[in-house]
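Okay, here's what each chain looks like letter by letter:
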Protein chains: 2
Amino acid sequence: MTTRVGIYGYGNLGRGIECAVNAANDMELVAVFTRREPSALKIASKNVAVVNVKDVASYKDKIDVMILCGGSATDLPTQTPELAKLFNVIDSFDTHAKIPEHFKLVDEEARKSNHIALISAGWDPGMFSLNRLYANAVLPNGKDYTFWGKGVSQGHSDAIRRIKGVKDARQYTCPVQAALDAVRSGSNPELTTRQKHTRLCYVVLEEGADPAYVENEIKTMPNYFADYDTTVNFISQEELNKNHSGIPHGGFVIRSGATGVNNEHKHIIEYSLKLDSNPEFTASVITAYTRAIARLYKEGARGCKTVFDIAPAYLSPLSGEQLRATML
Amino acid sequence: MTTRVGIYGYGNLGRGIECAVNAANDMELVAVFTRREPSALKIASKNVAVVNVKDVASYKDKIDVMILCGGSATDLPTQTPELAKLFNVIDSFDTHAKIPEHFKLVDEEARKSNHIALISAGWDPGMFSLNRLYANAVLPNGKDYTFWGKGVSQGHSDAIRRIKGVKDARQYTCPVQAALDAVRSGSNPELTTRQKHTRLCYVVLEEGADPAYVENEIKTMPNYFADYDTTVNFISQEELNKNHSGIPHGGFVIRSGATGVNNEHKHIIEYSLKLDSNPEFTASVITAYTRAIARLYKEGARGCKTVFDIAPAYLSPLSGEQLRATML
């Protein structure tokens, strides 16, 4: 079975999906949908249509799963439910607090139009969520910790760029090693925001800008930096381009729990990711779940799902027999 | 919904199950089945029947899931298919090479008698298998590594005890830090058996035994020790009892893979366990999967499953809505 895929939005994530889908023997990229003028968009794949979003309905019967690659702030809240009227859809909606609301909207549209949908695929939400669930189910008596980094936060980098006098900036979120060590020791520490992560900033100033002013604006910025130990380094544009152009990320999900008649036995479950490219890894997760929902659709599943609802075997191109023989 | 549970076999694993089931609000331990004379067996729970295995059929309608706590070498290959005729069953069958055969036997009996079964729950096979599958599905272009330890290997400890002149022994399997570091660096090393693990032995000699003879017997033992760097420490029975009476274990599943048009981006996915009590953690995994198969049975699922076939949400006592709001 070949899954015919559409990509809706061609930024970093869309390009990552293109790469992952082309690498999968059981998937075929049919079209890339863009808000731009199609002739102005050059994609990496040959023989794949580039189509304006206004013509998406004409692909209704040509695509098994539409992969939405827009942003969670303004794109996905409307795009995913809207496209669920025409297609099986999958997205990487990552505004954790709004997931229940997004789920409800997508579920309604998918059920009305007899489609399957999966929201919030990626690594957090996504692989990290799975690990939180598994670890909680296995060790009900315990405590969860999630650390992010070292990695680039696009939102924090943008916030710095909005400061007067800043030409360019890159912000890394870094887990605090001492906090990680304390969690791994099984001592179940209570950790403040400041104790868990630091923020490391590389800033390029505009000509004549005041570094002291910029540094103070960053360090006192509410929500983004004020609650953290923040380091600001001023560098040249050349150095930023040379050493900070990647989009690495990662993090740790740790559950520390106890078993035994008197909770005398401690256990640590740890899952970690170290990623050179945040969007390409996210795309790889989405691509595996695309395979899963295409299969589940054929089996008759409908409505909105999350990674919690998908049996792991559906993600793999291998058969149940092959999986049992090689990976169990 | 309360899941009524039976425990079949009351060794370390059975006691761990008892503890985990009693800690779960949605489970009730109905009976413990033993090959011993029931009156001779004292269990930790009050008001729970202790029953000889020959009377197990009389519990056919009183138990939703029978948890098999025997060994993989001789107990489970016959017990799991046999009991699948009467009950929904779950086991921790861990002879990796024989899983396909065991699956087939259990599946046949479960289908004939209209039951559900789950085999090979635990951490390896079990949580480690899940992580191998997820990581392979997400990073198809990559390499897998599994390390075990530091932990007690019962099989290797037994092998030492069979040597003439050995009174008692405990063997720890230890991952080699340099190998772990090489894997985490993303260099995808080819590692020999000797490069991945070392074996650390604590041995109590019988009076008058020759330590040089025993040490040589251990270090040259085929399959068990000959392919490893092995350290042998002779200690007193008191010291063994004091410092080596626990059953800790753990390990690491790492996948190192690449994405990008030219595989230019490296990614490391790592899952690790650090367990004070191997049998209690295994029991905790089995208990979560017991909840899952009881639910799946009510939904109409039949036949033999593995952890690969179970959607994660089934493991948790929380509803889908609660899970999406708190863990996604």
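We now turn to the structure provided with this report. This structure is a prediction, so every number in the text was calculated from the model and none was measured.

## What about the pairing of strand E11 (residues 229-234) of chain B?
All names here are of chain B. Bridge count between strand E10 (residues 197-205) and E11: six bridges; the pairing is parallel. Bridge pairing links Cys201 to Val232 in E11. The β-α-β motif built from E10, the intervening helix H8 (residues 211-219) and the parallel element E11 has right-handed crossover chirality.

## Considerations on the interface of chain A and chain B
Across the boundary between the two partners, chain A contributes 58 residues, which contact 58 residues of chain B. Interface area for chain A against chain B, summed over the two sides, is near 5,100 Å², with a carbon-plus-sulfur share of 67%. For the pair chain A and chain B, the number of links is zero salt bridges. Taken together, the links from chain A to chain B amount to 27 residue pairs in polar contact (both at pLDDT 80 or more). Where the side of chain A that touches chain B is concerned, the elements lending two or more residues are helix H3 (99-112), helix H4 (127-138), strand E13 (265-275), helix H10 (278-298) and helix H11 (320-326) of chain A. In terms of residues, the side of chain A that touches chain B owes the most to one element, E13(A), which gives 11 residues. Counted by class, the side of chain A that touches chain B contains 33 nonpolar, 14 polar and 11 charged residues. The pairing of E13(A) with strand E13 (residues 265-275) of chain B spans nine bridges and is antiparallel. Paired with Ile269(A) across the bridge in E13(B) is Leu273(B).

## Considering the sheet that holds E13(B)
In spatial order, the strands read E7(A)-E12(A)-E13(A)-E13(B)-E12(B)-E7(B); together these six strands make up an open sheet with antiparallel pairing. Looking at which strands have only one partner, the edges of the open sheet turn out to be strand E7 (142-148) of chain A together with strand E7 (142-148) of chain B. Averaged over all pairs of adjacent strands, the angle between strand axes in this sheet comes to 10°, irrespective of strand direction. Sitting on the sheet, helix H10 (residues 278-298) of chain B is in contact with strand E12 (249-259) and E13 of chain A together with strand E12 (249-259) and E13 of chain B, with an inclination near 70° to E13(A).

## Describing the pattern of salt bridges
As enumerated under the stated definition, the model contains 34 salt bridges over all chains in all. A salt bridge links Asp26(A) to Arg291(A), with the shortest nitrogen-to-oxygen separation between them at 2.7 Å. Note that Asp26(A) is positioned in the loop between helix H1 (12-23) and strand E2 (27-34) and Arg291(A) in helix H10, a separation of 265 residues in sequence. Just as Asp26(A) is buried, Arg291(A) falls in that class too. Here Asp168(B) makes a salt bridge to Arg161(B), at a shortest N to O gap of 3.0 Å. When its relative accessible area of 25% is taken as the criterion, Arg161(B) is described as partly exposed. Salt bridges sharing common partners tie together Asp158(A), Arg161(A) and Asp168(A).

## Describing the nonpolar core
Residues Phe33(A), Tyr289(A), Phe33(B), Phe281(B) and Tyr289(B) are the most contacted members of the largest nonpolar core, which totals 158 residues. Ignoring sequence-local partners within four residues, the contact set of Phe281(B) consists of Val138(A), Leu139(A), His267(A), Ile269(A), Trp123(B), Met127(B), Leu273(B) and Leu275(B).

## Brief notes about unusual backbone geometry
As a rule of thumb, non-glycine residues mostly have phi less than zero, and peptide bonds are mostly trans rather than cis. Residues and elements named next belong to chain A. A cis amide bond links Asp124 to the next residue, Pro125, at an omega of 5°. Residue Asn188 is not a glycine yet carries a positive backbone phi of 50°. As for its placement among the helices and strands, Asn188 is situated in the loop between helix H6 (177-184) and helix H7 (193-196). Non-glycine residue Asn263 carries a positive phi angle of around 50°. Along the polypeptide, Asn263 turns up in the loop between E12 and E13.

## Brief notes about the pairing of E13(A)
Residue and element names in this part refer to chain A. For E13, a buried count of eight out of 11 residues is recorded, marking the element as mostly surrounded by other parts of the structure. Looking at chain direction, E12 and E13 are connected through 11 bridges and run antiparallel. Residue pairing across strands places Gly257 opposite His267, the latter belonging to E13. Remark: five residues form the turn of the hairpin made by E12 and E13, two consecutive strands paired antiparallel; Gly260 in that turn has positive phi of roughly 105°.

## A word on the relation of the copies chain A and chain B
At an RMSD of 0.0 Å, chain A and chain B line up after a rotation of 180° and a shift of 0.0 Å along the axis. The operation mapping one copy onto its partner corresponds to a two-fold rotation axis. The position closest to the rotation axis in chain A is occupied by the C-alpha of Ala311(A), lying 1.9 Å away. Taken as a fraction of all interface residues of chain A, those also at the interface in chain B reach 100%, which identifies the copy contact as same-surface.

## What about the packing of H4(A) against H10(B)?
Running from N to C, H4(A) and H10(B) point in directions that differ by 105°, and their axes come no closer than 8 Å. Between H4(A) and H10(B), the interaxial angle falls into the category roughly perpendicular. Along its contact with H4(A), which presents Tyr134(A), Ala137(A) and Val138(A), the element H10(B) presents Phe281(B), Ser284(B), Val285(B), Ala288(B) and Tyr289(B). Here the contact of H4(A) with H10(B) is composed, by residue class, of seven nonpolar, one polar and no charged.

## A look at helix H2 (residues 76-83) of chain B
Inspection of H2(B) places Leu76(B), Gln79(B), Thr80(B), Pro81(B) and Leu83(B) among the buried residues, and these make up the whole buried set. Buried residues along H2(B) sit against strand E1 (3-8), strand E4 (65-68), strand E5 (88-90) and helix H3 (99-112) of chain B.

## Side note on the packing of helix H1 (residues 12-23) of chain B against H10(B)
Residues and elements named next belong to chain B. The contact between H1 and H10 brings their axes to 8 Å, and the two run at 55°. When the axes of H1 and H10 are compared, the pair comes out oblique. Crossing hand, H1 versus H10: right-handed. Taking contact as the criterion, the partners of Asn12, Leu13, Gly16, Ile17, Ala20 and Val21 in H1 are, on H10, Pro279, Glu280, Thr282, Ala283, Ser284, Ile286 and Thr287. By residue class, the composition of the contact of H1 with H10 is seven nonpolar, five polar and one charged.

Scoring rules and cut-offs
- Residues numbered from 1 in each chain as written.
- Chains lettered and ligands numbered in written order.
- Predicted model: local features only at pLDDT ≥ 70, side-chain atom pairs only at ≥ 80, totals over all residues.
- Heavy atoms only, no water.
- Pairing = 2+ DSSP bridges.
- Helix = DSSP H or I, 4+ residues; strand = E, 2+ residues; numbered from the N terminus.
- Right-handed = clockwise from strand over helix to strand, strands pointing away.
- Contact = heavy atoms within 4.5 Å.
- Buried area = accessible area lost by both parts, 1.4 Å probe.
- Salt bridge = Lys/Arg side-chain N within 4 Å of Asp/Glu carboxyl O.
- Polar contact = N/O pair within 3.5 Å; in protein donor to acceptor, adjacent residues only side chain to side chain.
- Nonpolar A, V, L, I, M, F, W, Y, C, P; charged D, E, K, R; others polar.
- Axes fitted to C-alpha atoms, helices over the stretch in contact; angles between N-to-C directions.
- Buried < 20%, exposed > 50% of the residue type's maximum accessible area, 1.4 Å probe, protein only.
- Core = buried A, V, L, I, M, F, W, Y, C linked by side-chain atoms within 4.5 Å.
- Least-squares fit on C-alpha atoms with pLDDT ≥ 70 in both.
- Parallel < 35°, antiparallel > 145°, perpendicular 65-115°, else oblique.
- Left-handed = near helix turned anticlockwise from the far one by under 90°.

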